[in-house]
Structure formats: C-alpha cells, structure tokens
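Notes for the structure review
Here are the chains, one letter per residue:
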Amino acid sequence: MANIKSQIKRIKTNEKSQARNKSVRSSIKTAIRRFKDAAASGDVTMTAAELRAASKALDVAVSKGVIHANAAANKKSAMAKAANKSSAK
C-alpha cells in the first residue's frame, strides 16, 4: 500500500474510473448482444433500432475515453454489415 498522500488519492480515483469503465464496457457488450439477437430473429425494424442503440452506446464510450475510436468504428461497421445482410434475406 502506498504511503504517499497523493498516491493514495490517485489509487482511489483509479478505482472509481475503473468501475465506471467496466460498467460502460458491459453496457456496450449488452447492446451489441441485443443487436445480434435482433439480427438473428430477422425483424428489420427491431434490428435497425438495436443498431442505433448500440452505435450510440459505442459513441458515448468513445467520447468518455473508455474504448478507442477505431475499435468503435470497427464494431459499428461490422454491425451495419450484419444488418444489411439480415435485411436482404
């Protein structure tokens, strides 16, 4: 355990941000899973709604600095591709 006052404070803030980041990453995974379920069901309107929700969650995570912008772009691109594929059936 650190015995320097500023380091003790830094450890506390790191733990807070770690918990917040974990929560955001979890919500992203949930949004993506809901999108995949909607795409698998074949419901076009539900798929589009879940795509919007997941994209928004990814954008928020990028703005908060939780994930890298390119990682979010890759996920959004893959989801858009899957949505187009499921709507073409």
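This text goes with the structure placed above it.
Since we're looking at a predicted model, the values are computed, not measured.

Cut-offs applied
Residues numbered from 1 in each chain as written. Predicted model: local features only at pLDDT ≥ 70, side-chain atom pairs only at ≥ 80, totals over all residues. Heavy atoms only, no water. Helix = DSSP H or I, 4+ residues; strand = E, 2+ residues; numbered from the N terminus. Rg over C-alpha atoms; globule rule 2.2 N^0.38 Å. Contact = heavy atoms within 4.5 Å. Areas by Shrake-Rupley, 256 points an atom, 1.4 Å probe, with all protein chains shown as cover. Lys, Arg positive; Asp, Glu negative; His and termini not counted. Charge placed at Lys NZ, Arg CZ, Asp CG, Glu CD. Buried < 20%, exposed > 50% of the residue type's maximum accessible area, 1.4 Å probe, protein only. Axes fitted to C-alpha atoms, helices over the stretch in contact; angles between N-to-C directions. Parallel < 35°, antiparallel > 145°, perpendicular 65-115°, else oblique. Nonpolar A, V, L, I, M, F, W, Y, C, P; charged D, E, K, R; others polar. Expected span 1.5 Å × (residues − 1). Salt bridge = Lys/Arg side-chain N within 4 Å of Asp/Glu carboxyl O.

As for the overall build of the protein
Tallying secondary structure elements over the protein gives 3 helices and 0 strands in all. For the protein, the sequential pattern of α-helices and β-strands runs α-α-α. In terms of C-alpha radius of gyration, the protein reaches 18 Å, well past the compact-globule figure of 12 Å for 89 residues. Seen along its three principal axes, the alpha-carbon backbone of the protein occupies a region of about 65 × 20 × 15 Å. Considering only residue pairs separated by 6 or more positions, the protein has 49% of its internal contacts joining residues 24 or more positions apart. Total accessible area on the protein stands at roughly 6600 Å², and carbon and sulfur atoms take up 54% of it. Here the protein holds 20 positive side-chain charges and 5 negative ones, and the gap between their average locations is 10 Å.

Side note on the side chain of threonine 47
You can see threonine 47 is positioned in helix α2 (residues 44–64). For threonine 47, a relative accessible area of 3% gives the class buried. Contacts of threonine 47, omitting those with residues within four sequence positions, involve Phe35, Ala38, Ala39, Ala83 and Ser86.

Comments concerning the packing of α2 against helix α3 (residues 69–88)
At their nearest, the axes of α2 and α3 sit 10 Å apart, and the two run at 175° to each other. By the criterion of interaxial angle, the relationship of α2 to α3 is roughly antiparallel. On the side of α2, the interface is formed by Val44, Thr47, Leu51, Ala54, Ser55, Leu58, Asp59 and Val62, while α3 contributes Ala69, Ala72, Lys75, Lys76, Met79, Ala80, Ala83, Ser86 and Ser87. When grouped by side-chain class, the residues that make up the contact of α2 with α3 number 10 nonpolar, 4 polar and 3 charged.

Things to note about helix α1 (residues 5–41)
Compared with the 54 Å implied by 1.5 Å per residue over 37 residues, the 55 Å span of α1 between its first and last C-alpha is a close match. For α1, the secondary structure elements touched by its buried residues are α2 and α3. In the segment just after α1, glycine 42 is the residue with positive phi, at about 90°.

A short note on the pattern of salt bridges
In this structure the tally under the stated criterion is 2 salt bridges. With its nearest N and O atoms 3.2 Å apart, the salt bridge here joins arginine 34 to glutamate 50. Here arginine 34 is found in helix α1, whereas its partner glutamate 50 is found in helix α2, with 16 residues between them in sequence. Since its relative accessible area comes to 10%, glutamate 50 is described here as buried. Among the salt bridges present, the one from aspartate 59 reaches lysine 76, with a minimum N-O distance of 2.8 Å. Within this pair, whereas aspartate 59 is found in helix α2, its partner lysine 76 is found in helix α3, the two being separated by 17 residues in sequence. Residue classification places aspartate 59 among the partly exposed positions, given a relative accessible area of 38%.

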